[in-house]
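# Descriptive analysis of the structure
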Amino acid sequence: MKLPSIFGNRGARDKPKDSYGGSAYSFFFGRSTSGKNVNERTAMQTTAVYSCVRILAEAIASLPIHVYRYTDTGKERVYDHPLYYLLHDEPNPEMTSFVFRETLMSHLLIWGNAYAQIIRDGSEYGEHSEVLLVVMKEQ
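The text that follows walks through the structure, step by step, so that each part is easy to find. Here the residue numbers are simple positions, counted from 1 along each chain's written sequence. With pLDDT at 70 or above as the cut-off, local features in this predicted model cover only qualifying residues; side-chain atom pairs require 80 or more to be listed or tallied, and sums for whole chains, interfaces and linings still use all residues. To obtain the side-chain values, all non-hydrogen atoms of the structure were included, while hydrogens and water were left out.

Per the secondary structure count, the protein includes six helices and four strands. Elements are defined by DSSP. Helices are runs of H or I of four residues or more, strands are runs of E of two residues or more, and each kind is numbered from the N terminus. Helices and strands in the protein line up, N terminus first, as α-α-α-α-β-β-α-α-β-β. Exposure classes here rest on a 1.4 Å probe applied to the protein chains alone. A residue is buried below 20% of its type maximum, exposed above 50%, and partly exposed in between. The buried share among the 139 residues of the protein stands at 17%. Residues count as neighbours in contact if any of their non-hydrogen atoms are within 4.5 Å of one another. Restricting the contact set of the protein to residue pairs at least 6 apart, pairs at least 24 apart contribute 39%. For the protein, the accessible area works out to roughly 11200 Å², and carbon and sulfur atoms hold 55% of it. Surface accessibility follows the Shrake-Rupley procedure with a 1.4 Å probe radius. Residue values consider only the protein chains on display as shielding.

Next comes the structure, spelled out in structure tokens:
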């Protein structure tokens with residue numbers, strides 16, 4: 001009886017085998033020895049991941065957001081700037097500021113990026129009329 005057979009035949013250390021399978025997501029989420037695929041959707045079905053994402057996103061979204069203007073003596077809050085309404089109250093007709101920022105933060109935590117598109121009206125100064133959430137993920 002050979003001594004290596006008692007401990008299992010591992011093979012040469014300089015030629016390791018990939019015994020975890022070949023998931024494209026294994027680079028980002030780590031390898032799974034259970035054979036289950038782990039991606040954004042399945043991770044969010046785990047209560048621990050969902051709770052962490054929700055707590056962080058809600059905490060960031062609940063922080064106050066202000067628009068400032070620089071002056072000679074420093075800076076001051078501005079309430080009449082067009083961006084104030086979009087950032088503080090309603091970025092678009094479908095979302096409140098809290099929901100918009102919470103969704104952006106959730107996308108950042110889950111996919112690693114978050115995008116928003118600024119829609120401008122056709123005025124001379126290019127006033128901002130709304131900010132839309134852009135969902136981009138890999139297929």
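A ring pair, where both rings are aromatic, is described by two values, the distance of the centres and the angle of the planes. Stacked, tilted and edge-to-face pairs are distinguished by plane angle, under 30 degrees for stacked and over 60 for edge-to-face with tilted covering the rest, among Phe, Tyr and Trp rings (Trp via its six-membered ring) whose centres lie within 6.5 Å. A complete count under the given rule lists one aromatic pair for this structure. Arranged with centres 5.3 Å apart and planes meeting at 80 degrees, the rings of Tyr-79 and Tyr-84 form a pair that is edge-to-face. Using a relative accessible area of 51% as the deciding quantity, one classes Tyr-79 as exposed. Residue class for Tyr-84 comes out buried when judged on its relative accessible area of 13%.

Next up on the list: helix 4 (residues 47–61). The span you would expect from a helix comes to 1.5 Å times its residue count less one. Relative to the 21 Å expected for 15 residues at 1.5 Å per residue, helix 4 spans 21 Å between its end C-alpha atoms, a close match to the ideal helical length. Taken together, the buried positions of helix 4 are Val-53, Ala-57 and Ala-61. Down the axis of helix 4, the sector holding all buried residues measures 55 degrees, keeping them to one side. With respect to the buried face of helix 4, the exposed residues turned more than 90 degrees away are Thr-47 and Ile-55. As used here, the arc is the angular range of directions from the helix axis to the C-beta atoms.

So, about the pattern of salt bridges. The term salt bridge refers to a pairing of a side-chain nitrogen on Lys or Arg with a carboxyl oxygen on Asp or Glu at a separation within 4 Å. Evaluation of the coordinates by the stated rule reveals two salt bridges. The residue Glu-58 makes a salt bridge to Arg-54 at a minimum N-O spacing of 3.6 Å. Residue Glu-58 and its partner Arg-54 are both found in helix 4; the two are separated by four residues, about one turn of the helix. For Glu-58, a relative accessible area of 31% translates into the label partly exposed. With a shortest N-O distance of 3.7 Å, Arg-69 and Glu-76 are connected by a salt bridge. Note on Arg-69: relative accessible area 38%, which makes it partly exposed.

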